[in-house]
Amino acid sequence: MLKQRVITAVVLLAILLPALFWKTPEPFLAITLVLIAAGGWEWGRLNGLGQGANILLGVITLALCGAAWALGWPQHPSAPLWSIVGAAWVLAGAALVRGGVDGWPKIPRALRVPGGVLALALAWIAMAQARVIGVNFLLSILVLVWVADIFAYFAGRAIGGKFTQRKLAPVISPKKSWEGVWGGMLGVVVLAVAWALADNAAHAQVPSLYSRLADLGWPVVVVAAIFLAAMSVIGDLTESLVKRSAGIKDSSQLLPGHGGVLDRVDALLPTLPLAMMLATLAQR
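Nothing here was measured: the structure is a model prediction, and the numbers come from that model. (Residues numbered from 1 in each chain as written. Predicted model: local features only at pLDDT ≥ 70, side-chain atom pairs only at ≥ 80, totals over all residues. Heavy atoms only, no water.)

(A) Representation of helix α4 (residues 79-103) in the model. Of all the bends in α4, the largest measures some 50° and sits at Val-97. Taken as a whole, α4 has its buried residues at Ala-79, Trp-82, Val-85, Gly-86, Trp-89, Gly-93, Leu-96, Gly-100, Val-101 and Gly-103. Against α5 (109-133), α9 (218-246) and α11 (268-283) lie the buried residues of α4. Put simply, Ser-78 is the residue that caps the front of α4, since its side-chain oxygen is 3.3 Å from the backbone nitrogen of Leu-81. (Bend = angle between axes of the 7 residues up to and from the residue. Helix = DSSP H or I, 4+ residues; strand = E, 2+ residues; numbered from the N terminus. Buried < 20%, exposed > 50% of the residue type's maximum accessible area, 1.4 Å probe, protein only. Contact = heavy atoms within 4.5 Å. Polar contact = N/O pair within 3.5 Å; in protein donor to acceptor, adjacent residues only side chain to side chain.)

In structure tokens form, the structure reads like this:
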């Protein structure tokens, strides 16, 4: 399993990294467009649809993102759009986690299936806009999610349950602890401050998300980092509750050793739109 995970990670990095750092955004957008379409196919599986319907969802996801690309949306971030999407994620994410595994089947399939496709498409559009702004900006968002996850894991292993006996969401994700969440938030705050200072020292041509927020003051950076770390947890828990409701461990086996695309991007689904919301509001 470890060998499989390593091989898959190396192949993905060999494909994604050159595209990410290419002089224009198009190669990265094209590759991630394929991945997000695969996420649409997986979403059908998680909602108990047939193979034909799963493929159709993948095609619809691809078409939505492709249409947004053709219309030039990646070049035009919109504060009103991302404010609406951000508010929807905060409200819907909190409601879904509160409802838990038992609450998911109570939501009509006619609502949750297109809702998931829309969430995937909006996350891709946010990612595309972030890449058009610049690699430094996009990486500052992606690394935030990875750091939150890594710090949460090690904090949970080291001190999980020592301060708060109650688990974060025992039915949805039994291994997650509040101490892990706090550790992830701390790691993200350190990352945000360090990245903003590094931008300033290096006179970065493309400011990171944190540099943009630092123009409003360091308290804004800290609060925004904690908020985004919390929402990355919401994204993770949301996919976990959907999988538990469906009785599926992984969204698919498209990425050997890593599960499916949704297993890798679940925390990014809310974080990317919310990061764009903060960035566009900071510019006003």
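Back to the write-up after that little detour.
(B) Just the nonpolar core, in detail. Core analysis: the biggest nonpolar cluster contains 81 residues, and Trp-43, Trp-82, Trp-124, Leu-138, Leu-209 and Tyr-210 have the highest contact counts within it. If you tally residues by element for this core, the top one is α5, at 13 residues. In contact with Tyr-210, not counting residues within four places along its chain, are Ser-140, Ile-141, Leu-144, Leu-191, Ala-192, Trp-195, Ala-196 and Val-221. (Core = buried A, V, L, I, M, F, W, Y, C linked by side-chain atoms within 4.5 Å.)

(C) View of the environment of Ala-155. Here Ala-155 is to be found in helix α6 (residues 135-159). The sequence separation of Ala-155 and Leu-96 amounts to 59 residues, and the corresponding C-alpha distance is 25 Å. Contact partners of Ala-155, with chain neighbours within four places excluded, come to Gly-160, Glu-179, Gly-180 and Gly-183.

(D) Molecular detail of the packing of helix α2 (residues 26-46) against helix α3 (residues 51-70). Packing of α2 against α3 leaves a shortest axis separation of 7 Å and a crossing angle of 150°. The angle between the axes of α2 and α3 places the two elements in the roughly antiparallel class. Considering how the two elements wind past one another, α2 and α3 form a crossing that is right-handed. Of α3, the residues touching α2 (which contributes Glu-26, Leu-29, Ala-30, Leu-33, Ile-36, Ala-37, Gly-40, Trp-41, Trp-43, Gly-44 and Arg-45) are Gln-51, Asn-54, Ile-55, Leu-57, Gly-58, Thr-61, Leu-62, Cys-65, Gly-66 and Trp-69. The class makeup of the residues in the contact of α2 with α3 is 12 nonpolar, seven polar and two charged. (Axes fitted to C-alpha atoms, helices over the stretch in contact; angles between N-to-C directions. Parallel < 35°, antiparallel > 145°, perpendicular 65-115°, else oblique. Left-handed = near helix turned anticlockwise from the far one by under 90°. Nonpolar A, V, L, I, M, F, W, Y, C, P; charged D, E, K, R; others polar.)

(E) Looking closely at unusual backbone geometry. At His-203, a residue that is not glycine, the phi angle is positive and equals roughly 50°. Tracing the backbone shows His-203 in the loop between α7 (178-202) and α8 (209-214).

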